[in-house]
Amino acid sequence: FSRGHMCPAADNKWSKNAMRESFYLSNICPQTQSLNGGDWEDLESACRDWVEDRGITLHIVCGPLFDSDKPRRLKKHVAVPSGFFKAIICLDKGNEKGIAFIYQNNTDRSRPMSNYVCTIDSVEKLSGFDLFHNVAAKTQQRIEKQANLNDWQ
């Protein structure tokens, strides 16, 4: 396994301290190397590109998913997630949209980003969390059921 960042180190280049803190264990989960250095990294890069190329503001929530109450553990302590999610919204006026992704932590080969697309609603159901609870209910209802990658590319 490699140290999979939830908030990518590359997103913290604005500060030496932020970069250093991105390596804290509170921001890292065990990921297969093929996922961490492959499809997950592609999604991290895509998020940066969307911000840089379009000048939009993104709100991103991501984290581990466990399909068991007793996940595999490394050295009896660190739980190995069965997968990971990343939920993304843009609330810029006139450009409100949302999308989510679920990646399994057993990826052995690269797949197109479209293979992982899902709705934020489905991630919330799977994780048990209301990811964007501070967003107005009407806006949540509209954007959390979206899952169109073409709206982002």
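In what follows, the structure referred to is the one given above.
Residues numbered from 1 in each chain as written. Predicted model: local features only at pLDDT ≥ 70, side-chain atom pairs only at ≥ 80, totals over all residues. Heavy atoms only, no water.

**Q** So what about the pattern of salt bridges? Which residues, and what values?
**A** Enumeration according to the criterion identifies one salt bridge in this entry. One salt bridge in this structure joins R48 and D11, with 2.7 Å as the shortest N-O distance. Note that R48 is positioned in helix α2 (residues 33–54) and D11 in the loop between β1 (2–5) and α1 (16–21), a separation of 37 residues in sequence. Accessibility expressed as a relative area gives 30% for D11, which makes it partly exposed. (Salt bridge = Lys/Arg side-chain N within 4 Å of Asp/Glu carboxyl O. Helix = DSSP H or I, 4+ residues; strand = E, 2+ residues; numbered from the N terminus. Buried < 20%, exposed > 50% of the residue type's maximum accessible area, 1.4 Å probe, protein only.)

**Q** Describe the nonpolar core, with residues and values.
**A** Membership of the largest hydrophobic core comes to 20 residues, with the highest contact counts inside it found for W50, L58, I88, F101, Y103, M113 and W152. Counting residues per element, the ones that place at least two in this core are α2, β6 (83–90) and β7 (97–104). Element by element, the count of residues in this core is highest for α2, at six residues. When near neighbours in sequence (up to four residues on either side) are disregarded, I88 contacts C47, W50, L58, H59, I60, K97, G98, I99, F101, I120, F132 and W152. A100, I102, C118 and F132 belong to the second largest nonpolar core, which has 13 residues in total. (Core = buried A, V, L, I, M, F, W, Y, C linked by side-chain atoms within 4.5 Å. Contact = heavy atoms within 4.5 Å.)

**Q** Would you mind going over the environment of T32 in detail, with residue names and values included?
**A** Considering the arrangement of structural elements, one finds T32 in the loop between β2 (28–31) and α2. Look at T32 and you get buried, because its relative accessible area is 16%. Note: C-alpha distance between T32 and K125 (93 residues apart in sequence) is 25 Å. The residues contacting T32, other than those within four sequence positions of it, are F1, S2, N105, N106 and T107.

**Q** An account of the sheet that holds strand β8 (residues 117–118) is needed here, citing residue identities and associated values.
**A** The antiparallel open sheet is built from four strands, whose spatial order is β3-β6-β7-β8. Looking at strand neighbours, the two that pair on one side only are β3 (58–65) and β8, the edges of this open sheet. Bridge count between β7 and β8: two bridges; the pairing is antiparallel. Bridged to F101 within β8 is V117. Running at roughly 5° to β6, α2 makes contact with β3, β6 and β7 of the sheet. Contacts from helix α3 (residues 120–127) reach β3, β6, β7 and β8, with the element oriented near 50° to β7. (Pairing = 2+ DSSP bridges. Axes fitted to C-alpha atoms, helices over the stretch in contact; angles between N-to-C directions.)

Keep in mind that these numbers describe shape and distance, not what the molecule does.
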